[in-house]
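Here is how the chains run, residue by residue.
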Amino acid sequence: MLRVRFICGLVAIAGATGPAPALAARWSLHLLPRPKGSGVSARLNGVSCPTALSCVAVGTVTAGASADWPLIERWSGARWSRQRVPWLAGASLDAVSCTPDRTCVAVGAIGSHGLVERLSHGAWTRRSLSQPLTGVSCTAASDCTAVGGALAFRWDGSRWRAQRSARPRPAGPGGVRLEAVSCPSARSCVAVGSNGCEALVERWNGRRWRVQPTASDGACTKRGIGAPVFTGVSCASPAACTAVGTLQPLNEGQIARPLAERWNGRRWSSQRMAGITSDVSCPSATSCTAVGVQPPLVNAEHWNGRRWAAQRLPVPGTHTLGWSLDSVSCASPLMCVAVGGLTDYSTAERPLVAEYRRTGR
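Description of the structure in this document. On a predicted model such as this, the values are computed, not experimentally measured, just so you know. Numbers given to residues run from 1 along each chain, matching the order in which its sequence is written. Residue-level local features of this predicted model are given only where pLDDT is at least 70; pairs of side-chain atoms are given and counted only at 80 or more, and the full residue set underlies all totals for whole chains, interfaces and linings. The basis for every side-chain value is the complete set of heavy atoms in the structure, and neither hydrogens nor water enter the calculation.

1. A few points about the sheet that holds strand β13 (residues 160–163)
Two strands make a pair as long as DSSP finds a minimum of two bridges between them. Strands here are runs of E lasting at least two residues and helices are runs of H or I lasting at least four, both read from the DSSP assignment and numbered beginning at the N terminus. Spatially, four strands are ordered β10-β11-β12-β13 in an open sheet, and the strand pairing comes out antiparallel. Sheet topology places β10 (135–140) and β13 at the edges, where each strand pairs with a single neighbour. In this sheet, neighbouring strand axes are inclined to one another by 20° on average, regardless of whether the strands run parallel or antiparallel. Only the stretch in contact is used when fitting a helix axis, every axis being a line fitted to C-alpha atoms; angles between N-to-C directions are given from 0 to 180 degrees.

Next up, the structure:
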């Protein structure tokens, strides 16, 4: 999945991310142990929390230029524990989706193929698909949709079937690239990404995928303000979706700008955010949390149904550190978990978890 990552200095982070939101909320940071071994790094790329007492986070362990293998961590409500998955060289996991019945599907890549890890009845099983995958969303144990590149795949409880995505014509430079997907029901999914110089939104209505016009259409070719790329999407219902990403610079000297749009059941409209975010989670139509990086700051923002407000993140330590948050999942408006990685530049990267608790009215 395309992620906006940036190594941030401690002094810049301490400048913070603007005023605290109106409702009392608190983020806390937790470092997870990295696998043993000299020079071994690990980071988390995706997370899913179907309940406040159950989360699964996935990522990648790296021990050299090409020696990658999957990483899966699970939250039991009391602690994080590493899951046993068969070692697989050259593999990585980018996204995960879990249902309340403790079924999870994690997706990623192994070489030029897609990797699927499925948790059912306490055991992880592995499958391979034809296309590297960057996003997944499950409404039930027998209903999941995964996306990657220009393809979508559907799990029906027994096997994965390729779906014909809308594939807009003409394809832009670099082609169609789907980054993330959110399915509020079995007959409604929204997949987002980019089509060369344009943002891309495709909607599944239970029968087929269709491209939807967005508020950022023409931002690149008509106004020259940047190439829009959606990297995260979350739908609280078929009539309430939020997509976030970046307006990528077109020319040297330009800076990346935040991109956010909201679907109200009829059309997509632009939203104003303080900084760039790469992922978003909306447990309700009036509550969304987004995380990412607005260089040089790690960024977190909350939507209260009317506007986005920056949230204050704690400083992760007393030494010069680099860190990022790349994915977020909210079990409710009161609880969210975001994941990423942290390094102090002298040791290998470690998995990072940020937990959000909201205690206001």
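Moving on from the coordinates now.
2. Some thoughts on the environment of Asp217
Position of Asp217 relative to the elements: it lies in the loop between β17 (209–211) and β18 (227–237). Summary of the burial criterion: residues with accessible area below 20% of their type's maximum are buried, those above 50% are exposed, and those between are partly exposed, where the area comes from a 1.4 Å probe applied to protein chains only. Overall, Asp217 belongs to the partly exposed group, its relative accessible area being 33%. Polar side-chain contacts of Asp217 include one of 2.8 Å to the side chain of Thr214. The term polar contact refers here to a pair of N or O atoms within 3.5 Å; inside protein, the definition further demands a hydrogen-donor-capable atom paired with an acceptor-capable atom, and it admits residues adjacent in sequence only when both atoms are side-chain atoms.

3. Overview of the sheet that holds strand β14 (residues 176–185)
The four strands lie next to each other as β14-β15-β16-β17, forming an open sheet whose pairing is antiparallel. Single-partner strands in this sheet number two, and they are β14 and β17. Neighbouring strand axes in the sheet, compared pairwise and without regard to direction, differ in orientation by 25° on average.

4. Re the pairing of strand β26 (residues 322–332)
The element β26 is largely enclosed, with a buried count of nine among its eleven residues. With nine bridges joining them, β26 and strand β27 (residues 335–343) adopt antiparallel strand pairing. Paired with Ser324 across the bridge in β27 is Gly341. Between β26 and β27, which pair antiparallel and follow one another directly, the connecting turn spans two residues.

5. Some points on the pattern of salt bridges
For this analysis, a salt bridge means a side-chain nitrogen from Lys or Arg found within 4 Å of a carboxyl oxygen belonging to Asp or Glu. For the coordinates displayed, the defined rule picks out eight salt bridges. As a salt-bridge pair, Glu349 and Arg43 come within 2.4 Å of each other at their nearest N and O atoms. Of the two residues, Glu349 sits in the loop between β27 and β28 (350–358) while Arg43 sits in strand β2 (residues 41–51), which places them 306 residues apart along the sequence. By relative accessible area, Arg43 is classed as buried at 9%. Glu355 serves as the salt-bridge partner of Arg357, at 2.6 Å between the closest nitrogen and oxygen. Given a relative accessible area of 14%, Glu355 falls into the buried group.

6. As for the side chain of Gln271
With respect to the secondary-structure elements, Gln271 resides in the loop between β21 (268–270) and β22 (279–284). Classification of Gln271 as buried rests on a relative accessible area of 15%. Other than its neighbours up to four places away in sequence, Gln271 contacts Thr242, Ala260, Glu261, Arg262, Trp303 and Trp308. Contacts were defined at the residue level, with two residues in contact if any of their heavy atoms lie within 4.5 Å.

7. Considering the state of the cysteines
A pair of sulfur atoms, both from cysteines and within 2.5 Å, is called a disulfide here. Throughout the structure, instances matching the rule amount to seven disulfides. Cys49 shares a disulfide with Cys55; S-S distance 2.1 Å. Handedness here is read from the sign of the S-S torsion; for Cys49 and Cys55, about 110°, the answer is right-handed.

8. A closer look at the nonpolar core
Residues Leu44, Cys55, Trp80, Val337, Val339 and Val353 are the most contacted members of the largest nonpolar core, which totals 17 residues. Listed by contribution, the elements that provide at least two residues to this core are β2, β3 (54–62), β4 (68–75) and β27. Top element by residues in this core is β2. It accounts for four residues. Leaving out residues up to four positions away in the same chain, Cys55 has contacts with Ser48, Cys49, Glu73, Arg74, Trp75, Trp80, Met335 and Val337. Nine residue types can take part in a nonpolar core, namely buried Ala, Val, Leu, Ile, Met, Phe, Trp, Tyr and Cys, and a core is a set of them joined through side-chain atoms within 4.5 Å.

9. Here we look at the side chain of Asn45
With respect to the secondary-structure elements, Asn45 resides in strand β2. A polar side-chain atom of Asn45 sits 3.0 Å from the main-chain carbonyl oxygen of Leu93.

10. Quick notes on the environment of His30
Looking at the secondary structure, you find His30 in strand β1 (residues 25–31). Through-space distance from the C-alpha of His30 to that of Leu352 is 5.9 Å; in sequence the pair is 322 residues apart. Setting aside anything within four residues of it in sequence, one finds His30 in contact with Pro351, Leu352, Val353 and Glu355. At 3.1 Å, the side chain of His30 and the side chain of Ser28 are in polar contact.

11. Re the layout of surface pockets
Cavities and pockets were defined on a 1 Å grid built from protein atoms only: a cavity is a group of points that admits a 1.4 Å probe but offers it no way out, a pocket is an open group of points flanked by protein on both sides within 12 Å along at least five of seven lines, and a lining residue is one with an atom within 4 Å of any such point. Grid points are joined across faces, edges and corners, and a volume is the space filled by probe spheres set on the points. When its volume is computed, the largest pocket comes out at roughly 770 Å³. Ser97, Ser137, Ser182, Ser234 and Ser329 are the residues nearest the centre of the largest pocket, which is lined by 41 residues in total. Those elements giving two or more residues to the lining of the largest pocket turn out to be β2, β6 (91–98), β10, β14, β18, β22 and β26. The greatest single-element share of the lining of the largest pocket, amounting to six residues, is contributed by β18. Any residue outside Ala, Val, Leu, Ile, Met, Phe, Trp, Tyr, Cys, Pro, Asp, Glu, Lys and Arg is labelled polar, Gly included; the first ten of those are nonpolar and the last four are charged. Broken down by class, the residue content of the lining of the largest pocket amounts to 23 nonpolar, 15 polar and three charged.

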